[in-house]
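# Structural characterization, general
One letter stands for each residue in the lines below.
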Amino acid sequence: MKVCIIGASGFVGGELLRILLQHSGVEVVCATSRRFKGEYVYRVHPNLRGFTQLKFVEPSIDAALKADVVFLALPHGESVKWVPKLYESGVAVFDLSADFRLKDPNAYVEWYKWPQPHPYPDLLQKAVYGQPELHRSELVGAKLVAVPGCMATASILMLAPLAKHGLLGETPPVVDAKIGSSGAGAEGSVVDLHSFRTYVVRPYEPVHHRHIAEIEQELSLLAGKRVKVAFTPHAVDMVRGIFATGHVFVEKMPTEADMWKMYRSMYGDSKFIRIVKDRLGISRYPNVKYVLGSNFVDIGFELDQRLNRLVTFSAIDNLVRGAAGQAVQAFNVAMGFPEDEGLRYIPLAPV
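A brief structural summary. (Residues numbered from 1 in each chain as written. Predicted model: local features only at pLDDT ≥ 70, side-chain atom pairs only at ≥ 80, totals over all residues. Heavy atoms only, no water.)

## Digging into the overall build of the protein chain
We count it as follows: Secondary structure elements are defined from DSSP: runs of H or I of at least 4 residues count as helices, runs of E of at least 2 residues count as strands, and each element is numbered from the N terminus. Only the C-alpha atoms count toward the radius of gyration. The rule for a globule is 2.2 Å times the residue count to the power 0.38. For the exposure calls, accessible area comes from a 1.4 Å probe over protein chains only, and a residue counts as buried if that area is under 20% of its type's maximum, exposed if over 50%, partly exposed in between. Here, two residues are considered to be in contact whenever any of their heavy atoms come within 4.5 Å of each other. Each accessible area value is a Shrake-Rupley result obtained with a 1.4 Å probe; residue values ignore everything except the protein chains displayed when judging cover. None of His or the chain ends enter the tally, which takes Lys and Arg as positive and Asp and Glu as negative. Think of each charge as sitting on NZ of Lys, CZ of Arg, CG of Asp or CD of Glu.
What the protein chain contains, in helices and strands, is twelve helices and 14 strands. For 351 residues, the compact-globule estimate of 2.2 N^0.38 gives 20 Å, and the C-alpha radius of gyration of the protein chain, at 20 Å, lies within 12% of that figure. Taking the principal axes of its C-alpha atoms as reference, the protein chain extends roughly 60 × 45 × 40 Å. Each of the 351 residues in the protein chain was classed as buried or not, and the buried ones make up 55%. For the protein chain, long-range pairs separated by at least 24 residues make up 70% of all intrachain contacts whose partners lie at least 6 apart in sequence. Of the roughly 15600 Å² of accessible surface on the protein chain, a fraction of 54% belongs to carbon and sulfur atoms. Where the 39 positive side-chain charges of the protein chain centre and where its 36 negative ones centre are 3 Å apart.

## Topic: unusual backbone geometry
In this structure, the amide linkage connecting alanine 349 to the following residue, proline 350, adopts the cis form with an omega of 0 degrees. As for its placement among the helices and strands, proline 350 is situated in the segment after helix 12 (320-335). Non-glycine residue lysine 113 carries a positive phi angle of around 60 degrees. Structurally, lysine 113 can be placed in the loop between helix 5 (107-111) and helix 6 (121-126). Using a relative accessible area of 63% as the deciding quantity, one classes lysine 113 as exposed.

## So, helix 8 (residues 150-164)
Residues three or four positions apart in an α-helix share a direction because the helix packs 3.6 residues into each turn. Quick reminder of the rule: Multiplying 1.5 Å by the residue count of a helix minus one yields the expected span of that helix. Fitting axes to the seven residues that end at a residue and to the seven that start at it, the angle between those axes gives the bend at that residue.
Spanning 15 residues, helix 8 covers 21 Å between terminal C-alpha atoms, matching the ideal 21 Å at 1.5 Å per step. The sharpest bend along helix 8 comes to roughly 35 degrees, located at methionine 158, with the proline proline 161 sitting one to four residues further on. Most of helix 8 sits out of view: 14 of its 15 residues are buried. Glycine 166 lies just past helix 8 and shows a positive phi near 75 degrees.

## Notes on the sheet that holds strand 5 (residues 92-95)
The strands that make up a sheet pair up through hydrogen bonds in the backbone, lying either parallel or antiparallel. Put simply, the test is: Strand pairing is defined by DSSP finding a minimum of two bridges between the two strands. Only the contacting stretch of a helix is used when fitting its axis, a line to C-alpha atoms as for every element, and angles between N-to-C directions run 0 to 180 degrees.
The sheet built from seven strands is open, its strands ordered 3-2-1-4-5-7-6 with parallel pairing. The sheet terminates laterally at strand 3 (56-57) and strand 6 (128-129), the two strands that pair on one side only. Where strand 5 meets strand 7 (residues 144-146), three bridges bridge the pair, whose relative direction is parallel. In the sheet register, valine 93 faces strand 7, and the bridge partner there is leucine 144. Here helix 12 sits on the sheet in contact with strand 4 (69-72), strand 5 and strand 7, set at roughly 155 degrees to strand 5.

## Focus on the state of the cysteines
This is how the line gets drawn: Disulfides are defined as cysteine sulfur pairs within 2.5 Å.
For the structure on display, the rule yields one disulfide. Each sulfur of the disulfide joining cysteine 4 and cysteine 30 lies 1.8 Å from the other. Between cysteine 4 and cysteine 30, the S-S dihedral sits near -75 degrees, and the bridge is therefore left-handed. Of this pair, cysteine 4 sits in strand 1 (residues 2-6) while cysteine 30 sits in strand 2 (residues 27-32), placing them 26 residues apart in sequence.

## A closer look at the sheet that holds strand 12 (residues 273-275)
Spatial strand order, 9-10-8-11-14-13-12: seven strands in an open sheet with mixed pairing. The open sheet has two free edges, formed respectively by strand 9 (201-203) and strand 12, since each of these has just one partner strand. Averaged over neighbouring strand pairs, the angle between their axes works out to 20 degrees when direction is ignored. In the sheet, strand 12 pairs with strand 13 (residues 297-304) via three bridges, with the strands oriented parallel. Bridge pairing in strand 13 links arginine 274 to aspartate 298. The strands touched by helix 11 (residues 256-267) within the sheet are strand 12, strand 13 and strand 14 (309-316), with strand 13 carrying the most contacts at an inclination of about 160 degrees.

## A short note on the environment of glutamine 22
Convention followed: Polar contact criterion, stated in full: a pair of N or O atoms within 3.5 Å, where within protein one must be able to donate a hydrogen and the other to accept it, and residues adjacent in sequence count only if both atoms are side-chain atoms.
Relative to the helices and strands, glutamine 22 resides in the loop between helix 1 (11-20) and strand 2. Residue glutamine 22 is classed as partly exposed on the basis of its relative accessible area, which comes to 41%. Note: C-alpha distance between glutamine 22 and glycine 342 (320 residues apart in sequence) is 5.8 Å. Every residue in contact with glutamine 22, bar those within four places of it in the chain, is listed here: Glu341, Gly342 and Tyr345. Polar contacts involving the side chain of glutamine 22 include one to the main-chain carbonyl oxygen of arginine 18, which spans 3.2 Å. A distance of 2.9 Å separates polar atoms of two side chains, one belonging to glutamine 22 and the other to tyrosine 345.

## Digging into the packing of aromatic side chains
For the record, the criterion: A pair of aromatic rings is counted whenever rings of Phe, Tyr or Trp (Trp by its six-membered ring) have centres within 6.5 Å, and the orientation is called stacked for planes under 30 degrees apart, edge-to-face for over 60 and tilted otherwise. Charge-over-ring placement is defined geometrically: NZ (Lys) or CZ (Arg) within 6 Å of the ring centre, and within 35 degrees of the ring normal.
Counted under the stated rule, the structure contains 14 aromatic pairs. Their ring planes at 10 degrees and their centres at 5.7 Å tell us that tyrosine 263 and phenylalanine 301 sit as a pair that is stacked. Taken together, the positions of tyrosine 263 in helix 11 and phenylalanine 301 in strand 13 put the pair 38 residues apart, joining distant regions of the chain. Taken together through their ring pairs, the aromatic side chains of Phe71, Phe94, Phe331 and Phe337 make up a single cluster. The positively charged end of lysine 55 is found above the aromatic ring belonging to tyrosine 40, 4.7 Å away from the centroid.

Next comes the structure, spelled out in structure tokens:
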């Protein structure tokens, strides 16, 4: 299939190129960048040297329409300008922004500060939320896929089995997330420069973070009722990765065997979710270090009998499973490729 990546010069665009250039069923026919148009891709993404002779081209609908599939690696609020025309033309679209993730048109006013409700509510309903473990059947043949946010992915997947089995009660779960500097993008703010980021654990948007909207949307679907989540992210001193810790207070504690059954019943057939709860070894719970560069989600848990608290953990690479890798996984499901095509990477260790 011919693929075009719109916004290919950023971190996520680079990861899309890295993965898709090694996908057996894909030919990358265009990579766009306003800033670097006419320049060789490998001069912006040096790790791709020797793998492609592509040059960046000016972003345009005409360039995109030369492909069968378009991946949009654009800032929030930009994809909405592209998707309607591409969708109407019959091109399959995988959007890595937030512009089509939320089903409620009014939610964009509240969570993304849009001046008015979403202008294409019909497309919101047609878009499939690109979380293959939760929406695999809907993804088959999908023409518009909204790829989930990175911290939303880590949070949703660790809490989903609990939501499905009715363990998210009246007390909202609390999620504490840590994210590396690449989450700020290739042109982050001054506080993401090395001199500010090193030795840092810095909370940001400690309340009302925009990823809450999709976390609550997806957990509510699984629970069959309205679920609210308390969520606070922190910028930490690493380049890649997200580590999330969830605290769920329950009236009746499940056993450890119950927890294993819940997670295995939901993820037992998943190619990319590993349950990490070990009594031996050097990594007994999930650890960001052991997922870097891969599409894996490592999930773990512990039981606090004293407080009737379930503690959950998840670790992902924010640029792969939190963005480009998840987009390609969803693409594979939608287009009939093996789900792990182009994604068969064993994480590096040590790093």
